[in-house]
Amino acid sequence: ALRLSEERYRLAIESTNDGIWDWHIEENKLFMSDKCKKILNQDYCDSTIDFKSWQDKIYDEDLKMVMTAFQHHLNKKTETFSVEFRLMNNNGIYIWISCC
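Residues numbered from 1 in each chain as written. Predicted model: local features only at pLDDT ≥ 70, side-chain atom pairs only at ≥ 80, totals over all residues. Heavy atoms only, no water.

1. Side note on the pairing of strand β2 (residues 29–32)
Strand residues, when the strand is regular, have side chains that alternate between the two faces of the sheet.
Here comes step 1: Alternating residues of β2 divide into Leu 30 and Met 32, all buried, and Lys 29 and Phe 31, none buried.
Here comes step 2: Both strand β1 (residues 21–24) and β2 contribute to a ladder of four bridges, which runs antiparallel. If you follow Trp 23 over to β2, its bridge partner there is Leu 30. (Buried < 20%, exposed > 50% of the residue type's maximum accessible area, 1.4 Å probe, protein only. Helix = DSSP H or I, 4+ residues; strand = E, 2+ residues; numbered from the N terminus. Pairing = 2+ DSSP bridges.)

Right, dumping it as structure tokens:
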């Protein structure tokens, strides 16, 4: 049953046009789906990066807004994390990201 559930989850993620990411707070690692890596032009195989490395790619003027939204969500001030911001891809180009 677990294998079937994992397969369904994998197929659902792969069939969407959205990049999926997940932050493992205890390990301070960010996990990215293949689609997310493609959007950000990540050319390495590892799907995890240090959260600080990801945070450093956020456009300076957007960083405070993004981190405030994270804190509000972690402190249960908001039900969902939802924010739009600019993030530098591996080509050095800032692209708009909508996280929700």
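2. Some remarks on the confidence of the model for the chain
Here comes step 1: Averaged over the chain, the pLDDT score is 84; the fraction of residues at 70 or greater is 94%.
Here comes step 2: Per-element confidence in the chain is highest for helix α4 (residues 60–74), whose mean pLDDT is 94, and lowest for strand β3 (residues 48–50), whose mean pLDDT is 70. (pLDDT = per-residue confidence, 0-100.)

3. Notes on α4
Here comes step 1: With 15 residues, α4 should reach 21 Å at 1.5 Å per residue; the first-to-last C-alpha distance of 22 Å fits that figure.
Here comes step 2: Against the buried residues of α4 lie β1, α3 (51–55) and β4 (83–88).
Here comes step 3: Just past α4, the residue Lys 76 takes up positive phi, approximately 60°. (Expected span 1.5 Å × (residues − 1). Contact = heavy atoms within 4.5 Å.)

4. Points about unusual backbone geometry
Here comes step 1: Of note, Lys 76 is a non-glycine position whose phi angle comes to about 60°, a positive value.
Here comes step 2: For Lys 76, a relative accessible area of 74% puts it in the exposed group.

5. Topic: the environment of Asp 50
Here comes step 1: Mapping Asp 50 onto the fold places it in strand β3.
Here comes step 2: Residue Asp 50 is classed as partly exposed on the basis of its relative accessible area, which comes to 31%.
Here comes step 3: Between the C-alpha atoms of Asp 50 and His 24, which are 26 residues apart in sequence, the distance is 9.9 Å.
Here comes step 4: Not counting chain neighbours up to four residues away, the residues in contact with Asp 50 comprise Asn 28 and Lys 29.

6. Quick look at the packing of aromatic side chains
Here comes step 1: One pass over the full model with this rule turns up four aromatic pairs.
Here comes step 2: Ring geometry for Tyr 59 versus Tyr 94: centroids 4.9 Å apart, planes at 80°, classification edge-to-face. Placement of Tyr 59 in the loop between α3 and α4 and of Tyr 94 in strand β5 (residues 94–99) is noted, with a sequence separation of 35 residues between them. (Phe/Tyr/Trp six-rings, centres within 6.5 Å; stacked < 30°, edge-to-face > 60°.)

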